[in-house]
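# Observations on the three-dimensional arrangement
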2 protein chains.
Amino acid sequence: MIALPSPQQLRFLLALAEHGHFGRAADACAVTQSTLSAGLLALERLLDARILDRAAGKRVVFTPLGLDLVGRARTALMALTAIPEAANAARATLTGPLRLGVIPTIGPFLLPRLMPALREAFPDLRLFIREDLTDRITAQLLDGKLDLILLALPCTCAGADTFAVTRDPFFAAMPQDHPLALLDIIPPATLAMQKLLLLEDGHCLRDQALSACGLARGESPPGGLDDFAATSLHTLAQMAAGGLGVTLLPRIAIDAGVTAGTNLALRPIGGEGASRTLGFAWRPNTPRAAEYRSLAPLLAAAG
Amino acid sequence: MIALPSPQQLRFLLALAEHGHFGRAADACAVTQSTLSAGLLALERLLDARILDRAAGKRVVFTPLGLDLVGRARTALMALTAIPEAANAARATLTGPLRLGVIPTIGPFLLPRLMPALREAFPDLRLFIREDLTDRITAQLLDGKLDLILLALPCTCAGADTFAVTRDPFFAAMPQDHPLALLDIIPPATLAMQKLLLLEDGHCLRDQALSACGLARGESPPGGLDDFAATSLHTLAQMAAGGLGVTLLPRIAIDAGVTAGTNLALRPIGGEGASRTLGFAWRPNTPRAAEYRSLAPLLAAAG
DNA sequence: CCAAAATGATCGATTTTATCGATTAAAATA
DNA sequence: TATTTTAATCGATAAAATCGATCATTTTGG
């Protein structure tokens, strides 16, 4: 039988890879530097292989094999972590820590309504929330830094299991005195010819809004206002109110009052495509998938 | 930080699931029964969950959660084992134990030529060989009971990475006085109308032979001789020599003398499709994939 | 239905292992 | 060059894993 590394040794290895520094890695593992150092030496002895390149002075430099082992250690540790997670999930649904990632075009508008409902339904849930772009939180999800993410479909989040919950339609927003405000329903083709205000690149809502107007991703909006791409839906609404152009706002943002105090007129958009779908995504094979699914009604109620 | 189970505890769990008996599982782990018992109790305490149903008397009965955890333990243990394997692979290529699975239509014909070459090229390789149908060895591969399998493509071995090495063409075999023996090359369509002798179900060669004649898998051969399906290529050759019909034999079997001492005529088959491809398959992400690939030249030389 | 065998849990003793705090030697930095 | 930073090392101590023996049930055979 081959001797296996201990989970603790793998944690040491991962922490060292992340911090590049024995002392800080030891802190992250809540052990002393000598313990971490000894653990890594023991791992090298166990594997009969060099993980660190000690010729490189006192800096932490991994050998090629060491880098490979870091990845394998991460995989193994995640598989190991899934075991107590499965046991916890079987004992009680949605208790204990849950690291949730949210995208910036959902978080500020939905969380204020979602959180109280969550606290009431699952009082023992300790929710850690991190807000970032879809790409980033997806990467963190797959890395094991997050357990669950709340995002808007369609999006590119390969490698994660996605679960659609509720539709969130877009509304066209323009000043009250804008010619388009005379229409009750705005046809997408009409929108495509306007000065269209968008979020900056990286926001999935930007692509979804373009798609809702029948434009391809990357296709420049006709207004040519790319340099003024907004960084949040709040600034987007303010820019539209200032007469810079027309924009699309998701209903949850409007419900949360993103247009409050402005002179913006809101009009539904014709056709079926002018919407995004709010949903969750999690790691495939996570033992807690069933728990996560049980969050859907709460999200649907909040959206 | 969540407390993780120790690799030893996972080994105990797997051994118990496999043997269904504390004493035998303890033997398999090379520990005493009390150690294994205590280890499992510690695991249940760690996870705060019941793994075994102790209401079921002295028999070993797993709870539903327990069964789930067995699968997760297997996954985690395989990920853990990959770490020392990667270290070993980096140190020396193709040394130490290698558990090889072979299908019955390859093993008896190719191994006698392949093994000496292997021993010469990799003297420190300790090869354990297991012969069984494609389905079975594929399942054992994915279970971690085998490291590498030698099989014939195309086949259904989902979940494994396959690596084609060399073509192995089929020849039509019939008695010297059979009318078909007058042809130099046998067209596949002609074969499809003969009394076609096949291996019994489960052999991938059966399906490949049918496909070579333009018949679909499951489609009964015209002779209606299914009840006499052969269990090995040797009996298949003997049956053809006895005048029961026509059959297809792969070249490696002919080269190994499967038709020696018979009156069988061997004819190539027209077209390109009348062949199988010999190759390897391994678990995705195995650290030894590069080593396994280095076996290809030896296999090609032996085929 | 009862006695004998088998089985898994438990206990105390022993060995092994992990961790800490302090120290040292080597590098990086100023 | 002097000083600080950094990783390795050492000795002591606490924690754990494992063993052998034993106990309490359950299963099996007559």
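As the structure is a computational prediction, the values presented were derived from the model and not from experiment.

Conventions used here
Residues numbered from 1 in each chain as written. Chains lettered and ligands numbered in written order. Predicted model: local features only at pLDDT ≥ 70, side-chain atom pairs only at ≥ 80, totals over all residues. Heavy atoms only, no water. Helix = DSSP H or I, 4+ residues; strand = E, 2+ residues; numbered from the N terminus. Buried < 20%, exposed > 50% of the residue type's maximum accessible area, 1.4 Å probe, protein only. Contact = heavy atoms within 4.5 Å. pLDDT = per-residue confidence, 0-100. Domains from an automatic or database assignment. Buried area = accessible area lost by both parts, 1.4 Å probe. Salt bridge = Lys/Arg side-chain N within 4 Å of Asp/Glu carboxyl O. Nonpolar A, V, L, I, M, F, W, Y, C, P; charged D, E, K, R; others polar. Polar contact = N/O pair within 3.5 Å; in protein donor to acceptor, adjacent residues only side chain to side chain. Axes fitted to C-alpha atoms, helices over the stretch in contact; angles between N-to-C directions. Parallel < 35°, antiparallel > 145°, perpendicular 65-115°, else oblique. Left-handed = near helix turned anticlockwise from the far one by under 90°. Near = heavy atom within 4 Å. Core = buried A, V, L, I, M, F, W, Y, C linked by side-chain atoms within 4.5 Å.

The next thing to look at is the environment of B:Leu233. Residue and element names in this part refer to chain B. Inspection of the secondary structure assignment puts Leu233 in helix H9 (residues 233-241). For Leu233, a relative accessible area of 3% gives the class buried. Here the alpha-carbon distance between Leu233 and Thr259, two residues 26 residues apart in the chain, equals 9.5 Å. In this structure, Leu233 is in contact with Thr105, Phe109, Leu199, Leu205, Leu249, Pro250, Ala253 and Val258, ignoring residues within four places of it in sequence.

Next up on the list: the confidence of the model for chain A. Summing up the model confidence of chain A, the mean pLDDT is 87 and the portion of residues at 70 or higher is 94%. Across chain A, strand E8 (residues 275-282) of chain A holds the top mean pLDDT of 94, while helix H7 (residues 188-191) of chain A sits lowest at 85.

Residues and elements named next belong to chain A. One can read the domain layout of chain A as domain 1 (7-89) and domain 2 (96-303). Distance between the C-alpha centres of domain 1 and domain 2: 38 Å. On the domain 2 side, the residues contacting the seven residues of domain 1 number ten residues. The junction of domain 1 with domain 2 conceals about 560 Å² of combined surface from both sides, 62% of it contributed by carbon and sulfur atoms. Linking domain 1 to domain 2 there are zero salt bridges. No other element matches helix H4 (residues 64-91), which puts six residues into the side of domain 1 that touches domain 2. Residues belonging to the side of domain 1 that touches domain 2 are distributed by class as follows: four nonpolar, no polar and three charged.

This part covers the side chain of B:Thr247. Residue and element names in this part refer to chain B. In this structure, Thr247 sits in strand E6 (residues 246-250). Its relative accessible area of 0% is what places Thr247 among the buried residues. Within polar-contact distance, the side chain of Thr247 engages the backbone oxygen of Leu197 at 2.9 Å. Setting aside chain neighbours within four positions, we find Thr247 in contact with Phe171, Ala172, Ala173, Leu197, Leu236 and Ala240.

Between two packed helices, what matters for the description is the angle formed by their axes and the separation of those axes. Residues and elements named next belong to chain B. Relative to each other, helix H1 (residues 7-19) and helix H3 (residues 33-47) sit at 110°, their axes nearing to 9 Å. Relative to H3, H1 is oriented roughly perpendicular. For the crossing formed where H1 meets H3, the hand is left-handed. Residues Gln9, Phe12, Leu13 and Leu16 of H1 form the contact with H3, whose own contacting residues are Thr35, Leu36, Gly39, Leu40, Ala42, Leu43 and Leu46. Among the residues making up the contact of H1 with H3, the classes are represented as eight nonpolar, three polar and no charged.

The subject of this paragraph is the protein's contact with DNA strand C. Of all residues adjacent to DNA strand C, which total 18 residues, the nearest are A:Gln8, A:Thr35, B:Gln33, B:Ser37 and B:Arg54. Looking at DNA strand C alone, sugar and phosphate atoms form 65% of those within 4 Å of the protein. Within the residue set of the surface near DNA strand C, elements represented by two or more residues are helix H3 (33-47) of chain A together with helix H2 (22-29) and H3 of chain B. Counting residues per element, the surface near DNA strand C draws most heavily on H3(B), at four residues.

Right, let's talk about the interface of chain B and chain A for a bit. Listed per partner, the contact involves 31 residues of chain B and 32 residues of chain A. When the two sides are added together, the surface that chain B and chain A hide from each other amounts to roughly 2,700 Å², 76% of it contributed by carbon and sulfur. Area buried by chain B at its contact with chain A is led by B:Leu4, B:Arg72 and B:Ile83, which between them contribute 23% of it. The tally of links from chain B across to chain A stands at two salt bridges. Among the ionic pairs, B:Arg91 bridges to A:Asp48, the shortest N-O distance being 3.7 Å. Taken together, the connections running from chain B to chain A amount to six residue pairs in polar contact (both at pLDDT 80 or more).

The subject of this paragraph is the nonpolar core. Counting residues in hydrophobic clusters, the biggest one holds 73 residues, and the most contacted among them are B:Ile106, B:Leu191, B:Leu233 and B:Leu248. When residues no more than four places from it in sequence are discounted, the contact partners of B:Ile106 are B:Leu111, B:Leu150, B:Leu151, B:Ala152, B:Ile252, B:Arg276 and B:Leu278. Within the second largest apolar cluster, 72 residues are counted, among which are A:Leu100, A:Leu111, A:Ala173 and A:Leu197.

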